[in-house]
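# Analysis of the macromolecular model
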Amino acid sequence: MFDTLSSKLSTVLNPLRTRQLTETNIQDAISSVRSALIEADVAISVVAQFIDDVKSKAIGTRVTRQVQAGDAFVKMVHETLVDTMGEANSRLELSGGSYPSVILVAGLQGVGKTTSVAKLAKFLKEREKKVVSIVSADVYRPAAIEQLRVLASDAKVRFIPSDEKDSPSSIVTRAVADAKKAVDDVLIVDTAGRLAIDDEMMTELQMLHKQLNPKETLFVVDAMTGQDAALTASAFHRALPLTGVILSKTEGDARGGAALSIRAITGKPIKFLGVGEDLDALEAFHPERIASRILGMGDVLSFIEEAERKIDKKKAERLSKKFFGNKKFTMEDRRDQLQQFINVGGVSGFQSMLPTAELQSAKLKDVDEDFCRKQCVIIDSMTHQERHFPDKINQSRKVRIAKGSGTSVQDVSITIRQYKKMEKQMKQTGRKARALKNFATIMDSGPKV
């Protein structure tokens, strides 16, 4: 997401980093920023306000000698991006009042609404430690109820059965009673969508909202529809008191126009981004981090949070002990190391979060995530002895391992060679780390003055 906007703004702003700001080059830059926003499919009214805000911050601003004028201008663009999308992450308000806390989810058909309900349920269960149940009040779309039941099973959250012969009103009445009896923290209600906005759908949503009085009313919208997403959200908000937006399918949107338009048009925050097809591919929306990512400054905080959630801490701790304890680094350790890399999304998972495109390509150009997976299969095809004593792997063993893993002898040789290279690096770095640790201990235990 934001690939188009990021590349355009980088081209515009980079030359300014070494030039003194004047009214003329600000105007040139402003014109280019406007074009970049329009190309990113940001709503025209939002573009106009954005440009006015940047100009008001830039013109007349005095830059100190220690700060380059171009850097100051980039900071102004960054601040305006954050202001446009919302100043901070807007969390779900689920505390207070009676339980369960009800979340009503609305949206047009085909935007990923039902999948987003399951993703949100899993998010709340795993990251917020909530007891969650979900129910479908969509009695119109064939197999909608069954789809949610399957997704609930995959997400490992409780599914409350419903029947397409019942009315949405009776379904939610029973669901609330069921969730109360089960002492659930949260009940998420999936509503019916349409191919387009119509009076019948809006009337039903208004009725359900009045009946449920939900803590949160979330609207799911497809990021790939650009500024139309903001206009659709605005239409829903006029009929329904939305509390926030889930922007789905952002992994397929290179422009980012929807994210920059929705808050400004509806006045409601984007609360979550759908970033993939997997049920754990839902991220809390942090405007300041997204703004940094757009301007090529990276999003290291999001990467750290994702890594902490997905990394196997026991395996990481075991590797750390080997690293500092001067113990043998085996092929099994190498496989765990590769698996940790894959778990956090590999190159695609964090490349866009690193600062500047140049750093991304310099650090990751030779990393092949698919081959990392292949190396794991190759190591799994080795015997226990071979994993611990890879020097014993001769040509005939390589042929056997290649056949067992469905790879080539060359792939096996590369895997062993990369393991040995990593083993050497681990030894060298480990020695330096242990030496520093010992030196610090000696200094700490020395005479006090």
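Please refer to the structure placed before this passage.
Nothing here was measured: the structure is a model prediction, and the numbers come from that model. (Residues numbered from 1 in each chain as written. Predicted model: local features only at pLDDT ≥ 70, side-chain atom pairs only at ≥ 80, totals over all residues. Heavy atoms only, no water.)

## With respect to the packing of aromatic side chains
Per the stated rule, a full pass over the model turns up three aromatic pairs. Aromatic side chains phenylalanine 329 and tyrosine 419 sit 5.9 Å apart centroid to centroid with 10 degrees between the ring planes, which places their arrangement in the stacked category. Taken together, the positions of phenylalanine 329 in the loop between helix H13 (313-325) and helix H14 (331-343) and tyrosine 419 in helix H20 (residues 409-445) put the pair 90 residues apart, joining distant regions of the chain. Classification of tyrosine 419 as buried rests on a relative accessible area of 1%. Directly above the aromatic system of tyrosine 140 lies the positively charged group of arginine 194, at a separation of 4.8 Å from the ring centroid. The ring of tyrosine 99 has lysine 215 sitting right over it, with the charged end atom 5.4 Å from the ring centre. (Phe/Tyr/Trp six-rings, centres within 6.5 Å; stacked < 30°, edge-to-face > 60°. Helix = DSSP H or I, 4+ residues; strand = E, 2+ residues; numbered from the N terminus. Buried < 20%, exposed > 50% of the residue type's maximum accessible area, 1.4 Å probe, protein only. Lys NZ or Arg CZ within 6 Å of the ring centre and 35° of its normal.)

## A closer look at the packing of helix H5 (residues 113-127) against helix H6 (residues 144-155)
Between H5 and H6, the least distance of the axes is 9 Å, while the angle of their chain directions is 25 degrees. As far as their axial angle goes, H6 and H5 are roughly parallel. Crossing of H5 over H6 shows right-handed handedness. In this structure, H5 uses Thr114, Thr115, Val117, Ala118, Lys122 and Lys125 to contact H6, whose residues at the interface are Gln147, Leu148, Leu151 and Ala155. (Axes fitted to C-alpha atoms, helices over the stretch in contact; angles between N-to-C directions. Parallel < 35°, antiparallel > 145°, perpendicular 65-115°, else oblique. Left-handed = near helix turned anticlockwise from the far one by under 90°. Contact = heavy atoms within 4.5 Å.)

## Examining the state of the cysteines
Going through the model one piece at a time under the given rule, you end up with zero disulfides. Free of any disulfide, cysteine 372 has its nearest neighbouring cysteine sulfur in cysteine 376, separated by 7.2 Å. A relative accessible area of 6% means that cysteine 376 is categorised as buried. (Disulfide = S-S within 2.5 Å.)

## A word on the pattern of salt bridges
It is possible for side chains of opposite charge to pair when their charged atoms get near one another. If you walk through the whole model with that rule in mind, you get 20 salt bridges. Here arginine 387 and glutamate 332 are joined by a salt bridge, their closest N and O atoms 3.2 Å apart. Linking arginine 387 in helix H18 (residues 384-388) with glutamate 332 in helix H14, this pair joins segments that are 55 residues apart in sequence. Considered together, arginine 387 and glutamate 332 belong to a single accessibility category, that of buried residues. A salt bridge links glutamate 386 to arginine 400, with the nearest nitrogen and oxygen atoms 2.8 Å apart. (Salt bridge = Lys/Arg side-chain N within 4 Å of Asp/Glu carboxyl O.)

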